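Results of the structural survey
For reference, the chains in residue letters:
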Amino acid sequence: MNIIELVKKIPHSVSVRIKNRRRYRWMVKQMRMPDPAETVRPKYWKKCGVEVNGHFKVGFGVYFDAGNAEHIHVEDGVWIAAQCLLLCHKRNLAEYHVGDDYNKTPYKIKDIHLKKGCCIGMRTIIMPGVTVGEGAIIGAGSVVTRDVPPYTVATGSPAVVVKSFPERS
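Notes on the structure follow. (Residues numbered from 1 in each chain as written. Predicted model: local features only at pLDDT ≥ 70, side-chain atom pairs only at ≥ 80, totals over all residues. Heavy atoms only, no water.)

Now for the state of the cysteines. This structure, assessed with the given rule, holds 0 disulfides. Between Cys84, a free cysteine, and Cys119, which holds the nearest cysteine sulfur, the sulfur-to-sulfur gap is 8.8 Å. Counting only cysteine sulfurs, Cys119 is the nearest neighbor of Cys118, a cysteine outside any disulfide, at a range of 7.6 Å. Since its relative accessible area comes to 1%, Cys118 is described here as buried. (Disulfide = S-S within 2.5 Å. Buried < 20%, exposed > 50% of the residue type's maximum accessible area, 1.4 Å probe, protein only.)

So, in structure tokens, the structure goes:
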């Protein structure tokens, strides 16, 4: 490619970048920042073996235990915010003693259940064996070590229920 062809391409690429910047600023003003992969990520989860019943949304950078994906159960309407971690395994330390090699201790594998309409806040860690109840909300940055009842808010490390929602009359 000669220099003349390169010079002809520069104005076009610059104008495209300017248009993209303007579009980005417009989207920020409109408060409609789309996540381009929001609908794609759940498809990959299904292909990895996650048991899915209905539609759910997954934010950017969510990690799950891909080697044990069949132990994750997600129901309809679940929202998992960005940078969460879902673990289905942990080390079984029942027979661990002084002088033992930690790397040789066996794993305990337990299921994770995310019930209908629950919301997992950003950077939350869900530990093995946890069930997040229907409509429950987990606050950002929480570490969920125990089951969360339906229609409650749980926050903290470890997550503790801080609010319960009443039934609509």
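A grouping of Leu93, Tyr96 and Tyr102 is seen on the molecular surface, where their side chains present a nonpolar patch of about 280 Å² in accessible area. Its location among the elements puts Leu93 in the loop between strand E7 (89–91) and strand E8 (107–109). Residue Leu93 is classed as partly exposed on the basis of its relative accessible area, which comes to 45%. (Patch = residues over 30% accessible without salt bridge, like charges linked within 9 Å, V, L, I, M, F, W, Y side chains within 5 Å. Areas by Shrake-Rupley, 256 points an atom, 1.4 Å probe, with all protein chains shown as cover. Salt bridge = Lys/Arg side-chain N within 4 Å of Asp/Glu carboxyl O. Helix = DSSP H or I, 4+ residues; strand = E, 2+ residues; numbered from the N terminus.)

All right, on to the nonpolar core then. Counting 28 residues, the largest nonpolar core has Ile80, Leu86, Leu114, Ile120 and Val132 as the members making the most contacts within it. Those elements that provide at least two residues to this core are strand E2 (56–58), strand E4 (72–75), strand E5 (78–80) and strand E9 (112–114). Setting aside chain neighbours within four positions, we find Ile120 in contact with Trp79, Ile80, Ala81, Cys84, Leu114, Ile126, Val132 and Ile138. (Core = buried A, V, L, I, M, F, W, Y, C linked by side-chain atoms within 4.5 Å. Contact = heavy atoms within 4.5 Å.)

Take it as geometry only, folks, not as evidence of what the structure does.
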